[in-house]
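For reference, the chains in residue letters:
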Amino acid sequence: MDAQVLEQLYEGKAKKVFKTTDPDLYYLEYKDDATAFNGEKKGQIHDKGVMNNEITSLIFEYLAKNGVPNHFVERVDDRHQVVKKVTIVPLEVIIRNRTAGSMAKRLGLEEGLLLEPPVLDFCYKKDELGDPLINNDHIIALKLATPDEVKEISAMAYRINALLQKLFLECGLILVDFKVEIGRLPSGALILADEISPDTCRLWDAKTLEKMDKDRFRRDLGRVEEAYIEVLKRLRSELA
Ligand code: TMP
């Protein structure tokens, strides 16, 4: 990157965002901090920032090559990335291919049931409310996005799902569910932003169904770092 890094703009639970001398670019720092249950459970996962930086970089490059525009510009070093400056649409866009997590709990379902077609959930990104589930009408009435944007975001989410399901299956992993965030460029165009990593996906080993994601931290299953290392290793051999 030619631009210089300027002051910190924001610190989230997993990343810090810095301004740069280029008004169109931000500089991201991936942290080792891990939280779950809306910040109630806090911890650290050794080198998570390093692994999620590389995992997200590999995945965002793969998605860009396959026609999903996103904010990724370059990975600078172990923990840092340059990305396009966007305004994040305050939604967590979740796709579920199998029951797990909050859906399994809310509906009293066992985990791992196939969902056909996949289920799209929207949550309102508001920490103080615990990111409540909302629907298309809420999004439009609250003016979080226009009706056309909701359609576009939904189509992007399904397209990302198809591409990620294929990629992860080639890595011997089942994509159970995942969350993405969408950003608005100054032009108004919508692009994929934030990260895609074992923090934001549920990934099960296709042979053993072992959990290979942040559920190992959420549920104290042990061997958390090892799961992230294994996901990175498989993605590298598929993509790098
Ligand atoms: P959920 O089952 O807890 O609703 O999570 C669905 C998916 O979204 C799962 O892959 C984890 C991811 N997720 C995040 O990335 N951030 C969050 O804050 C939450 C609650 C879930």
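All of these numbers come straight from a predicted model, not from anything done at the bench. (Residues numbered from 1 in each chain as written. Predicted model: local features only at pLDDT ≥ 70, side-chain atom pairs only at ≥ 80, totals over all residues. Heavy atoms only, no water.)

S.K.: Hey, could you go over the packing of aromatic side chains for me, with residue numbers and the actual values?
M.R.: Considering all chains together, one arrives at one aromatic pair under this definition. Centroid distance Phe-18 to Tyr-27: 6.1 Å. Interplanar angle 65 degrees. Geometry classified as edge-to-face. Each member of the pair, Phe-18 as well as Tyr-27, carries the same accessibility label: buried. In this arrangement the basic side chain of Lys-15 is found over the ring face of Tyr-30, its NZ or CZ atom lying 5.4 Å from the centre. Over the aromatic face of Phe-217 sits the side chain of Lys-41, whose NZ or CZ is 5.1 Å from the ring centroid. (Phe/Tyr/Trp six-rings, centres within 6.5 Å; stacked < 30°, edge-to-face > 60°. Buried < 20%, exposed > 50% of the residue type's maximum accessible area, 1.4 Å probe, protein only. Lys NZ or Arg CZ within 6 Å of the ring centre and 35° of its normal.)

S.K.: Can you lay out the pattern of salt bridges for me, pointing to particular residues and giving the numbers?
M.R.: All chains considered together, the criterion is met by 30 salt bridges. With a closest N to O distance of 2.6 Å, Lys-31 and Glu-11 form a salt bridge. Residue Lys-31 is found in the loop between β3 (25–30) and β4 (33–36), and its partner Glu-11 is found in strand β1 (residues 5–11); the two are separated by 20 residues along the sequence. Lys-31 sits in the buried class, given a relative accessible area of 11%. The exposure class of Glu-11 is partly exposed, given its relative accessible area of 42%. Between Arg-96 and Asp-121 there is a salt bridge, with its nearest N and O atoms 2.8 Å apart. Here Asp-121 lies in strand β10 (residues 114–124) and Arg-96 lies in strand β9 (residues 91–98), a separation of 25 residues in the sequence. Exposure class is identical for Arg-96 and Asp-121. Each is buried. Via salt bridges that share partners, Arg-96, Glu-111, Asp-121, Asp-177, Arg-202, Lys-211, Asp-215, Arg-218 and Arg-219 belong to a single interconnected network. (Salt bridge = Lys/Arg side-chain N within 4 Å of Asp/Glu carboxyl O. Helix = DSSP H or I, 4+ residues; strand = E, 2+ residues; numbered from the N terminus.)

S.K.: If you had to explain the packing of helix α1 (residues 48–65) against helix α4 (residues 147–170) to someone new, which residues and values would you point to?
M.R.: The interhelical angle for the contact between α1 and α4, taken along N-to-C directions, is 120 degrees, at an axis separation of 11 Å. Considered as vectors, α1 and α4 are oriented oblique to each other. Seen from above, α1 lies across α4 with right-handed handedness. Touching Ile-59, Tyr-62 and Leu-63 of α1 are Ile-160, Leu-163, Leu-164, Lys-166, Leu-167 and Phe-168, all from α4. When the residues that make up the contact of α1 with α4 are grouped by side-chain class, the tally is eight nonpolar, no polar and one charged. (Axes fitted to C-alpha atoms, helices over the stretch in contact; angles between N-to-C directions. Parallel < 35°, antiparallel > 145°, perpendicular 65-115°, else oblique. Left-handed = near helix turned anticlockwise from the far one by under 90°. Contact = heavy atoms within 4.5 Å. Nonpolar A, V, L, I, M, F, W, Y, C, P; charged D, E, K, R; others polar.)

Remember that the coordinates give geometry; whether it matters functionally is a separate question.
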